[in-house]
Amino acid sequence: MNAHAIETLHQHLLAALSTAPDEARRLFHGRGQRWPGLEQVTVDWLQGIVLVCLFRDPGETELQALKQMLLSLPRAPAWQQCGAQGLLLQHRYRPDCAAEWLHGATVEQCLVSEHGLRFKLDLGTKQNSGLFLDMRYGRRWVREQARGQRVLNLFAYTCGFSVAALAGGAEQVVNLDMAKAALNRGRDNHRLNGHDLNRVIFLGHELFKSWGKVKRLGPYDLVIIDPPSFQKGSFVLTQDYRKILRRLPELLNAGGRVLACLNDPALGPGFLLRSMAEEAPGLRFEQRLDNPPEFADIAADSGLKALVFRRTDAAP
């Protein structure tokens with residue numbers, strides 16, 4: 001991260017802030033490898049909060065130069081015009097993901113909007129804020145497809161897909177995640193949007209020990225699979241994704257669909273296509289959802305992969 005790269009980031013942020021969106025968005029996606037020297041930097045607009053994340057230690061000299069540039073932003077007309085209130089720098093490469101407020105009062109939580117839906121985020125206290133912005137189009141697709149559907153949301157996290165499904169008229173959503181605190185935030189997110197929690201089920205369980213309960217609550221018209229690449233002691237993507245796919249025939253209604261997601265840059269969509277063909281051959285690939293344009297990647301297969309499959313054989 002040399003001086004030229006920092007100045008490139010500076011100019012990009014000034015331009016982005018001058019046209020700051022009304023809803024939460026990524027402002028700068030260095031991880032898309034399109035700006036040399038900035039591959040480990042992202043910047044998000046959280047409707048008044050600018051969150052800068054570093055995914056690698058830039059070194060002390062470069063870090064101080066970056067901070068100096070960031071501290072100049074609140075003096076810029078673009079910052080003042082967009083109504084920004086806080087600037088947070090998070091060191092994601094540190095074990096504790098330490099964060100420091102460079103400008104504005106310390107705030108631990110904030111509310112943001114996406115497609116008119118409300119979500120509560122954590123700021124600077126956890127590795128992730130609570131809403132993965134690259135999945136914006138995925139949540140929109142679920143909302144558009146959800147009317148009258150029974151939905152299973154695996155690795156639900158803070159239930160963003162569930163909120164989208166209820167907003168789209170889903171009959172019922174079953175959310176499963178081993179992190180009960182994340183599911184509690186999911187309840188908060190549903191309440192923020194005035195949803196009927198009688199139509200939402202929250203299972204704070206480890207997936208591979210809960211198939212019986214998941215199956216009894218089915219069958220489902222839509223299954224969403226959005227796992228982490230690695231979750232110590234419970235999930236290794238390259239080993240465990242197939243275990244989920246081979247269960248799909250017993251979970252899905254005839255004609256039911258699956259939104260299978262993958263966000264490991266080392267694995268392209270071929271991993272999902274091959275795995276589905278081998279483990280659940282009754283499901284056919286329909287489409288890959290676009291990623292939001294602000295997440296453009298120099299290699300399309302390195303970014304988020306969100307693939308839709310439909311069951312074409314008869315359900316038992």
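The structure presented is a predicted model; accordingly, all values stated were derived computationally and were not measured.

## A few points about the overall build of the protein
Counting its regular elements, the protein contains 10 helices and 16 strands. Radius of gyration (C-alpha) of the protein: 20 Å, near the 20 Å computed for a compact globule of 316 residues. In terms of principal-axis extent, the alpha carbons of the protein reach across some 65 × 40 × 35 Å. A total of 316 residues make up the protein; the buried ones form 52% of that total. For the protein, the accessible surface area stands at approximately 13900 Å², while carbon and sulfur atoms represent 47% of it. Here the protein contributes 39 positively and 33 negatively charged side chains, and the mean placements of these two sets differ by 6 Å.

## Points about the pairing of strand 8 (residues 150-154)
Of all the five residues making up strand 8, four are buried; the element is thus mostly covered by neighbouring parts of the structure. Pairing analysis gives five bridges linking strand 8 to strand 9 (residues 172-176), with the strands arranged parallel. Residue L152 lies in a different strand from strand 9, and its bridge partner there is V174. What joins strand 8 to strand 9 is helix 5 (residues 160-167), and the crossover it makes is right-handed.

## Structural notes on the sheet that holds strand 4 (residues 86-91)
Each strand in a sheet pairs with its neighbour through backbone hydrogen bonds, running either in the same direction (parallel) or in the opposite one (antiparallel). Here five strands make up an open sheet; going across it, the order is 1-2-3-4-5 and the pairing mixed. Here the strands that pair on one side only, and so sit at the sheet edges, are strand 1 (25-29) and strand 5 (99-103). Neighbouring strand axes in the sheet, compared pairwise and without regard to direction, differ in orientation by 20 degrees on average. Where strand 2 (residues 41-45) and strand 3 (residues 49-54) come together, five bridges link them in antiparallel fashion. Bridged to V43 within strand 3 is V52. Seen against the sheet, helix 2 (residues 60-72) touches strand 3, strand 4 and strand 5 and runs at an angle of roughly 165 degrees to strand 4.

## Re the pattern of salt bridges
Under the criterion given, the structure shown has 18 salt bridges. Here R136 and E294 are joined by a salt bridge, their closest N and O atoms 2.6 Å apart. Note that R136 is positioned in helix 4 (residues 136-145) and E294 in the loop between strand 15 (283-288) and strand 16 (305-311), a separation of 158 residues in sequence. Residue classification places R136 among the buried positions, given a relative accessible area of 7%. A salt bridge links R247 to E250, with the nearest nitrogen and oxygen atoms 3.3 Å apart.

## With respect to the side chain of D240
By secondary structure assignment, the location of D240 is in helix 8 (residues 237-245). Here the side chain of D240 touches K243 through a polar contact of 2.9 Å, side chain to side chain.

## A word on the packing of aromatic side chains
What the rule picks out here adds up to five aromatic pairs. Considering the side-chain rings of F28 and W35, the 4.7 Å spacing of their centres and the 40 degrees angle between planes classify their relative orientation as tilted. Pair check on accessibility: F28 and W35 agree, each one buried. Over the ring of F55 we find R31, and its NZ or CZ is 3.9 Å from the ring centre. Residue placement shows R140 over the ring face of Y137; its charged tip is 4.2 Å from the ring centre.

## Observations regarding the environment of V112
Mapped onto the elements of the fold, V112 is located in strand 6 (residues 109-114). Residue classification places V112 among the buried residues on the basis of a relative accessible area of 0%. Sequence separation between V112 and F28 is 84 residues, and the spatial gap between their C-alpha atoms is 18 Å. Sequence-distant contacts of V112, defined by excluding residues within four places in its chain, comprise A24, L46, Q47, L117, R118, F119, L121 and L131.

## Here we look at the environment of S72
Note that S72 resides in helix 2. For the pair formed by S72 and V41, sequence separation is 31 residues and the distance between their alpha carbons is 18 Å.

## Some details on the confidence of the model for the protein
For the protein, the mean per-residue pLDDT works out to 93, and 97% of the residues sit at or above 70. Between the elements of the protein, mean pLDDT differs from a low of 55, seen in strand 12 (residues 230-231), to a high of 98, seen in strand 8.

## Quick look at the packing of helix 8 against helix 10 (residues 269-279)
In contact at an axis separation of 9 Å, helix 8 and helix 10 are set at 45 degrees when each is read in the N-to-C sense. With respect to their mutual orientation, helix 8 and helix 10 come out oblique. Taken as a pair, helix 8 and helix 10 cross one another with a handedness that is right-handed. Contact residues: L237, T238, Y241, R242 and L245 in helix 8; F271, L272, S275, M276, E278 and E279 in helix 10. In terms of residue class, the contact of helix 8 with helix 10 is made up of six nonpolar, two polar and three charged.

Criteria and thresholds
Residues numbered from 1 in each chain as written. Predicted model: local features only at pLDDT ≥ 70, side-chain atom pairs only at ≥ 80, totals over all residues. Heavy atoms only, no water. Helix = DSSP H or I, 4+ residues; strand = E, 2+ residues; numbered from the N terminus. Rg over C-alpha atoms; globule rule 2.2 N^0.38 Å. Buried < 20%, exposed > 50% of the residue type's maximum accessible area, 1.4 Å probe, protein only. Areas by Shrake-Rupley, 256 points an atom, 1.4 Å probe, with all protein chains shown as cover. Lys, Arg positive; Asp, Glu negative; His and termini not counted. Charge placed at Lys NZ, Arg CZ, Asp CG, Glu CD. Pairing = 2+ DSSP bridges. Right-handed = clockwise from strand over helix to strand, strands pointing away. Axes fitted to C-alpha atoms, helices over the stretch in contact; angles between N-to-C directions. Contact = heavy atoms within 4.5 Å. Salt bridge = Lys/Arg side-chain N within 4 Å of Asp/Glu carboxyl O. Polar contact = N/O pair within 3.5 Å; in protein donor to acceptor, adjacent residues only side chain to side chain. Phe/Tyr/Trp six-rings, centres within 6.5 Å; stacked < 30°, edge-to-face > 60°. Lys NZ or Arg CZ within 6 Å of the ring centre and 35° of its normal. pLDDT = per-residue confidence, 0-100. Parallel < 35°, antiparallel > 145°, perpendicular 65-115°, else oblique. Left-handed = near helix turned anticlockwise from the far one by under 90°. Nonpolar A, V, L, I, M, F, W, Y, C, P; charged D, E, K, R; others polar.

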